[in-house]
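Architecture at a glance
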Amino acid sequence: MTRRRTLPVGLPRRLAVTVAGPFVSVLLALAVTALFLTAGGYSAASAFSVMWAYGVQPNSLVSSLNGAVPLYVAAVAGAFAVRMGLFNIGVDGQYRMAALAGAVAAASLPFPLAVRLPLTLLIACAVGAGWALIPALLKIHRGVNEVITSILLNAIATTIVAVLLSGVFRSGGGQNTGTALIDDGGLMPALPGVGTGQGSISSFVVVALLAGIVYYLVIERSVFGYSLRVAARSPEAAESAGIRVDRKIVQAMLISGAVAGLVGLPHILSVAGRFDGTLPTDLMFTGLAATLLGRQHPIGMALGAFVLAFVERSAQVLGLVQLPTEVGQVFLAVVLLSSAVGYWLTERADARIALTLALRRRLRAARDAVAPGASSTPTPTGGASR
Amino acid sequence: MSLGPNPPTTLSPSHGAPARASVARLRPSSRRVRAALRWALLGLGLLILARYLADAPGITASSTWGSALRLTVPIALVAMGGLFSERSGVINVGLEGMMIGGTWMAGLFGTLAGPWAALLGGVVGGLCFGVLMAVLCIEMGINQLIVGVSINVIAAAVARFMADIVFSQMDGGTIARSPRIGGDVPHLSLPVVSGGFGTPDVSRVMESSELPVVAQLGGVLGGLTRDVSVAAVLGLLIIPLVAWVLWKTPFGLRWRAAGEEPAALQALGGSVHRTRWIAVLVGSGLAGFAGGYLTLISQGYIENQTAGRGFIGLATLIFGNWTPSGVFFGASLFGISDAVGIGRPETLRALVLVLAVVFAAVGVRRLLRGTPGRRLRDGVPSLVLGVVLLAVFAFVPLPAAVSSATPYVVTLAVLVVAGTRMRPPAALGRLVPRRTRRS
């Protein structure tokens, strides 16, 4: 990071900086949203208070948690690629292809839940990884930028899903535009012992948790993750150290795609019970916001995903009190940017503080050198920072 | 008609050689004119062949080529916008957002003050986000990919929010669309060729004559020249203008330097920051103009009417190797395949045939005369793709539903064949601090 290694940094300050980043980001986003509300002639304060009151109800919190799961998974998928220096903008296409495959598998596999569910997840992962393999292979063999192939493949995935849905997997005729309904033997069960109906938490929370843990272990604690990060920082250095960058690109995209394959499943297996037009289409960008908000840190991304899901949920109430529900969308969009700006601000402030402290210490040292007998009492700041 | 007799120079400049070789490119030497003519004739020959082999009159109909032109212009414009900022070293993923800003503002200006104001409004809408991008990317040095992606999302959300506030209150407007823009900018036709200014319409006569070759030539010519909106003409004129500025003017030199080697520009006394500011602002204005053009076509702002064109523009930009001519080629390829895709299925088959022949020919040519040592690697994918497409043409009935993916698949296929020859500006995405940092 930009922080100088020579400056001693106390744990409290490091903690403060870590917390301040997302905090400032959310505050900034709130401010900008308030600006828009005021410009539109609405009262921002009343809107926020209504949202907060609705958002902290137990049912809303549960719903936010369930909503945060796909966002977190999308964030992890994005983070895998970002750590390899790739920009997986193809998460969109990957999760839609995988969601269709998962819905079909869950509805048609003739096994009990204990076998069918893991198989469904595996199939979705495989489809997502397969779809992500195309840009990776094109990048290393034909030198085509992965961003543009991913964008094109997203559009192509839309068509493929539409064609498959209408031509092959549609159940029944007439107005029915979804795959066959998945019976109880294929749906993701609710977490046992935590409420029922509206208040139940989907077991996908566990899946998301596992994804986060795997992400942490692979990226931060394994040789593979280390070589991935080296390859991202300096391909030349990596090559000369014997790391095959081409291979790392393919592997990173495969993992990213496999995780992305899980993004659509919470909706399929816990909400809709089949693949149809209700699958949300903005999961990638909101997930990306969570990646940025949490700085690719497994816990940070989880908090980010929850904040975003919380806002999404609590904005729904605004329609009841004659306020535009688009406020939530604006907030989600702005938070994407303000997360970058917020980190920029806190890092600069941190650097400033470090500089001031260092200068003050230097001055004091100079003073001490001039008058050695005058002061030998260590100041509290000097002690803390050492 | 084979690709054999053409000297290699006719192919390579449009793909490979970047900044250095291209100063001479704008000077139309007689050899280049001849080469262009030869390629045009070759293309027309292929089209005529495909028209009869696939029995698809649509591929040479004036309606197809007219809509190809209409679909090409916004892509080319938004890609030019991207070219401006990327040539100066600022990655612009936010083109889609700038375009959305353009459509929204164009809807507002258009309803208030007519079609010309709509075009102006498009530019203004794009500039709003251009300023945001310039401040964040150039002044603050925040990751350009993040800023671009955010701009896309913010533009979509804010456009909807503001439409709820502004357009919903207007007569005839809703949250998803603005009131209709009254009127349109004038449409032009070439005199004599396509009946502009009261002259006889030769191409229409040719097209309805049903004679082989003559009818097809008339169709293509007429489609490209009849009833073209002034906005489209303006948009197309911008492309050579950008090429001239980029390769021939002092600003163009600074512009390229800012993207290739900012340190050199700074050492010679130029200002990287000012150059990048200008480039980003002009680029966002162009992207917004593309949005305004879309709004004019649909006679009002419609939510989501950009439909990912900003991203396609970005793809076209990379596809065109960051050169105006390449971008124009990519945009017209996309526009043509889009126009063919919305037509009848047999037109799509004809396009498949044309592509198959081109790919196969390129593959064979590379196998026989490519760079030694790379012949197999370069030639085989192209040849295989060509053969596969031929097989598709011959045996697979294409369902109508796949046609919406046509432009994307075609662009992807051409990328795969062209591959490996792209070279982005060297300093793309690299931040240049305003002065030596003290902190």
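Residues numbered from 1 in each chain as written. Chains lettered and ligands numbered in written order. Predicted model: local features only at pLDDT ≥ 70, side-chain atom pairs only at ≥ 80, totals over all residues.

What follows deals with the overall build of chain B. Counting secondary structure elements, chain B contains 17 helices and two strands. For 439 residues, the compact-globule estimate of 2.2 N^0.38 gives 22 Å, and the C-alpha radius of gyration of chain B, at 23 Å, lies within 12% of that figure. The buried share of chain B, reckoned over its 439 residues, is 50%. Across chain B, contacts joining residues at least 24 apart in sequence account for 75% of those joining residues at least 6 apart. (Helix = DSSP H or I, 4+ residues; strand = E, 2+ residues; numbered from the N terminus. Rg over C-alpha atoms; globule rule 2.2 N^0.38 Å. Buried ≥ 20, exposed ≤ 12 C-beta atoms within 10 Å, placed from the backbone. Contact = placed C-beta atoms within 7 Å.)

A few words now on the packing of helix α14 (residues 324-341) of chain B against helix α17 (residues 406-418) of chain B. Residues and elements named next belong to chain B. Viewed as axis vectors pointing N to C, α14 and α17 meet at an angle of 140°, and their least axial separation amounts to 8 Å. Relative to α17, the crossing made by α14 is right-handed. Across the interface between the two elements, L333, F334, S337, D338, V340 and G341 from α14 touch T406, P407, V410, T411 and V414 from α17. Residue composition of the contact of α14 with α17, by class: six nonpolar, four polar and one charged. (Axes fitted to C-alpha atoms, helices over the stretch in contact; angles between N-to-C directions. Left-handed = near helix turned anticlockwise from the far one by under 90°. Nonpolar A, V, L, I, M, F, W, Y, C, P; charged D, E, K, R; others polar.)

With that out of the way, let us pick up the confidence of the model for chain A. Residue and element names in this part refer to chain A. Counting all residues, the mean pLDDT for chain A is 83, and 90% of those residues have values of 70 or more. Across chain A, helix α10 (residues 245-260) holds the top mean pLDDT of 92, while helix α15 (residues 380-385) sits lowest at 43. For residues 1-8, every residue scores under 50 in pLDDT, and the model assigns this stretch 11 contacts once sequence neighbours within four places are set aside. Low confidence marks residues 374-386, where pLDDT is under 50. Its contacts with residues over four positions away, or in another chain, come to nine contacts. (pLDDT = per-residue confidence, 0-100.)

This part takes up the interface of chain A and chain B. The parts lose accessible area when they come together, and the size of an interface is often stated as this lost area. Counting residues at the interface gives 35 residues for chain A, matched by 36 residues for chain B. Going through the elements one at a time, α5 (113-142), α6 (146-169), α12 (283-293) and α14 (326-370) of chain A are the ones with two or more residues in the side of chain A that touches chain B. The dominant element in the side of chain A that touches chain B, judged by the number of residues it contributes, is α14(A), at 13 residues. Partitioned by chemical class, the residues of the side of chain A that touches chain B number 25 nonpolar, seven polar and three charged.

It is worth spelling out unusual backbone geometry at this point. Located in the positive-phi region is Q299(B), a residue other than glycine, with phi close to 60°. With phi around 50°, A307(B) is a residue other than glycine that occupies positive phi space.

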